[in-house]
Amino acid sequence: MKILLMSVKAGYGHHSTAKAIIEYFEKNGHECEMLDIFDYINHRLGNSIQDGYLVSTKYLPKTYGKAYGKLSQKDEPYDKHSLMSLFSRFVSKRLEKFVKKYSPDLIIGTHSYAGVCMSLLENKGVIDCPTIGIVTDFTVHPFWESTFLDYYVIPDKLISSEMRKKGITQEKLLPIGIPVRSQFSVKTDKKEARKLLGIKDIPTVLIIMGSMGYGNIKSLLEEMDVNEHDFQILCVCGSNKKIKSAVDEFEWTKKVYSYGFVDNVDVMMDAADFIISKPGGLTTSEALAKGLPMVILNPIPGQEDRNLNFLVNSGAAITVNEDYRIGDALNLMFGCPWRTELMRESIKHLGKPDAAKNLYEFSMEKVEAKSTVI
């Protein structure tokens with residue numbers, strides 16, 4: 001069976017979700033192909049989209065947030081004569097040859113704009129197989145209202161009302177969660193995870209601030225370093241070499257382990273008592289799958305603001321701001337067991353460690369039903 005994954009390189013979450021899906025489907029013997037829409041049309045265009053997203057979210061977050069908010073207010077599909085519709089028809093036309101040649105049995109889109117192109121291709125008769133869209137944040141992104149897919153995977157049933165507001169019927173919604181890689185679907189004993197990392201078996205805090213190391217991590221660590229509680233810190237700086245050097249060169253009172261890019265975040269999550277992070281859809285989904293409480297800060301205006309609201313209001317996280325500092329959060333996490341237990345209980349309801357498995361089983365059922373009808 002051939003599965004086509006369609007996405008857009010805007011951040012890393014959409015592609016990472018696609019890779020998690022590919023991992024599970026290929027493990028079960030199916031052929032998968034990943035198609036980055038803009039990269040396929042023109043490699044420079046694909047890189048420009050990615051660079052534009054990263055630059056705007058890091059250096060112009062308020063502008064990005066305003067633009068995202070304006071687009072999010074739209075509940076009706078774009079008029080067929082609008083510039084967005086004309087551009088989307090041009091893009092989808094360029095994809096026709098690839099889709100026809102690959103002839104997939106199933107197409108899954110992990111970005112809302114991929115869903116737009118899939119809908120246009122299906123409307124033209126280019127696609128004649130089940131189509132599924134994946135909502136990769138705890139909110140509904142712009143452009144989903146202009147899609148007409150068979151089914152939509154959402155992170156939780158609490159997002160259903162937002163999807164219905166966008167004109168997507170309840171029957172098409174699959175609240176099975178955002179697919180994560182297999183290592184986040186299983187849990188290693190905390191003591192064993194710390195042994196694997198070569199760290200002490202004491203209370204542990206994990207800091208992950210995105211692949212680019214967003215925010216003033218050194219200032220955050222300085223506040224944490226003077227906290228009265230005894231704990232060690234795992235700090236993932238991603239590609240931010242400047243921050244990593246600053247962390248490495250400082251003389252900390254507490255034990256601070258700093259890392260650049262890592263491939264064992266799953267083990268780090270198992271070793272930690274809780275995570276301090278910006279609320280990206282991928283990291284929060286992985287943390288929820290691991291049953292890990294969250295302290296959230298520095299959300300990028302736009303989808304991450306909405307992720308923060310969802311997670312805090314659902315009881316799975318607490319947030320830090322100018323009035324409620326990281327020291328206050330640490331005192332709560334280490335000194336208020338009833339509150340952290342409530343967070344873990346909420347996470348039990350929100351975490352979806354089997355999302356990839358459930359998506360696979362649902363997809364196979366629909367593909368088989370389609371082939372039987374044909």
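Structural data are supplied above this passage.
These figures come from a predicted structure and were not determined experimentally.

Here is what the cut-offs are and how they apply
Residues numbered from 1 in each chain as written. Predicted model: local features only at pLDDT ≥ 70, side-chain atom pairs only at ≥ 80, totals over all residues. Heavy atoms only, no water. Axes fitted to C-alpha atoms, helices over the stretch in contact; angles between N-to-C directions. Helix = DSSP H or I, 4+ residues; strand = E, 2+ residues; numbered from the N terminus. Parallel < 35°, antiparallel > 145°, perpendicular 65-115°, else oblique. Contact = heavy atoms within 4.5 Å. Nonpolar A, V, L, I, M, F, W, Y, C, P; charged D, E, K, R; others polar. Buried < 20%, exposed > 50% of the residue type's maximum accessible area, 1.4 Å probe, protein only. Pairing = 2+ DSSP bridges. Right-handed = clockwise from strand over helix to strand, strands pointing away. Phe/Tyr/Trp six-rings, centres within 6.5 Å; stacked < 30°, edge-to-face > 60°. Lys NZ or Arg CZ within 6 Å of the ring centre and 35° of its normal. Salt bridge = Lys/Arg side-chain N within 4 Å of Asp/Glu carboxyl O.

Undergrad: Which parts of the structure should I look at to understand the packing of helix α14 (residues 326–335) against helix α15 (residues 337–350)?
TA: Any two packed helices are characterised by the angle at which their axes cross and by the distance between the axes. The N-to-C vectors of α14 and α15 enclose an angle of 85°; their axes lie 6 Å apart at closest approach. Taken together, the axes of α14 and α15 are roughly perpendicular relative to one another. Residues L332, M333 and G335 of α14 lie in contact with α15, whose contacting residues are P337, R339, T340 and M343. Grouping the constituent residues of the contact of α14 with α15 by class yields four nonpolar, two polar and one charged.

Undergrad: I keep staring at the pairing of strand β7 (residues 204–208) and nothing clicks. Help me out?
TA: Within β7, five of the five residues are buried, which leaves it mostly tucked inside the rest of the structure. The alternating pattern of β7 places T204, L206 and I208 on one face and V205 and I207 on the opposite face, and all of these are buried. In terms of strand pairing, β7 meets strand β8 (residues 232–236) through five bridges, oriented parallel. From the neighbouring strand, L206 faces β8, where its bridge partner is L234. Looking at chain direction, β7 and strand β10 (residues 274–277) are connected through four bridges and run parallel.

Undergrad: Looking at this structure, how should I read the pairing of β8?
TA: A regular strand places its side chains so that they alternate between the two faces of the sheet. Burial runs high along β8: five of the five residues are buried. Of the two faces of β8, both are covered, the one formed by Q232, L234 and V236 as well as the one formed by I233 and C235. Viewed along the sheet, the connection from β8 through helix α10 (residues 241–249) into strand β9 (residues 256–259) turns out right-handed.

Undergrad: Looking at this structure, how should I read unusual backbone geometry?
TA: Apart from glycine, the bulk of residues carry a negative phi angle, and the bulk of peptide bonds sit in the trans form. Positive phi, close to 90°, is recorded for F143, a residue that is not glycine. If you trace the backbone, F143 turns up in the loop between β4 (131–134) and β5 (151–153). Even without glycine at this site, N298 takes up a positive phi of about 50°.

Undergrad: Sorry if this is basic, but what is going on with the packing of aromatic side chains here?
TA: Two aromatic rings, taken as a pair, are described by how far apart their centres are and by the angle between their planes. Throughout the structure, instances matching the rule amount to 14 aromatic pairs. Ring centres of Y151 and F362 lie 4.8 Å apart, and the angle between their planes is 85°; this geometry places the pair in the edge-to-face category. Remark: F362 occurs in helix α16 (residues 355–373) and Y151 occurs in strand β5; sequence separation between them is 211 residues. A ring pair is formed by F250 and W252, whose centres lie 4.3 Å apart and whose planes are at 45°; its orientation type is tilted. A relative accessible area of 34% means that F250 is categorised as partly exposed. The rings of F38, F87, Y113 and F143 are connected pair by pair, giving a single aromatic cluster. Positioned above the aromatic ring of Y102, the side-chain terminus of K2 is 4.5 Å from the ring centre. Residue placement shows K254 over the ring face of F231; its charged tip is 4.6 Å from the ring centre.

Undergrad: Mind showing me how you'd approach the sheet that holds strand β3 (residues 106–109) here?
TA: Hydrogen bonds along the backbone pair up the strands of a sheet, which may run parallel or antiparallel. On the basis of which strands lie adjacent, the open sheet formed by six strands has the order β2-β1-β3-β4-β5-β6 and parallel pairing. Bordering the open sheet on either side are β2 (31–36) and β6 (173–174), each of which pairs with just one other strand. Inspection of the sheet shows strand β1 (residues 2–7) paired to β3 by four bridges, in the parallel sense. Bridging from a neighbouring strand, M6 pairs with G109 of β3. In this fold helix α1 (residues 13–27) packs onto β1, β2, β3 and β4, with an angle of close to 170° to the strand it touches most, β2. Docked against the sheet, helix α6 (residues 112–123) engages β1, β3 and β4, running at close to 145° with respect to β3.

Undergrad: It is not clear to me how the packing of helix α5 (residues 83–102) against α6 should be interpreted in this structure. Could you clarify?
TA: Two elements in contact, α5 and α6, have axes whose closest approach is 9 Å; the angle formed by their N-to-C orientations is 70°. Regarding the angle of α5 to α6, the classification is roughly perpendicular. Facing M84, F87, S88, R89, V91, S92, L95, E96 and V99 of α5, the residues of α6 in contact are Y113, V116, C117, L120 and L121. Taken together, the residues of the contact of α5 with α6 sort by class into 10 nonpolar, two polar and two charged.

Undergrad: For this particular structure, what's the right way to read the pattern of salt bridges?
TA: When charged atoms on two side chains of opposite charge get close, those side chains can pair. For the structure on display, the rule yields 16 salt bridges. Residue D156 is joined to K352 by a salt bridge in which the shortest nitrogen-to-oxygen separation is 2.8 Å. Placement of the pair is D156 in the loop between β5 and α7 (160–165) and K352 in the loop between α15 and α16, with a sequence separation of 196 residues. With respect to burial, D156 and K352 carry one shared label: buried. Salt-bridge contacts for R194 lead to D201; the nearest nitrogen and oxygen are separated by 2.8 Å. A residue is classified by how much of its surface remains accessible, and R194, at 5% relative accessible area, is buried. Each of the salt bridges in this network shares a partner with another, and the network as a whole consists of K93, E96, K100 and K124.

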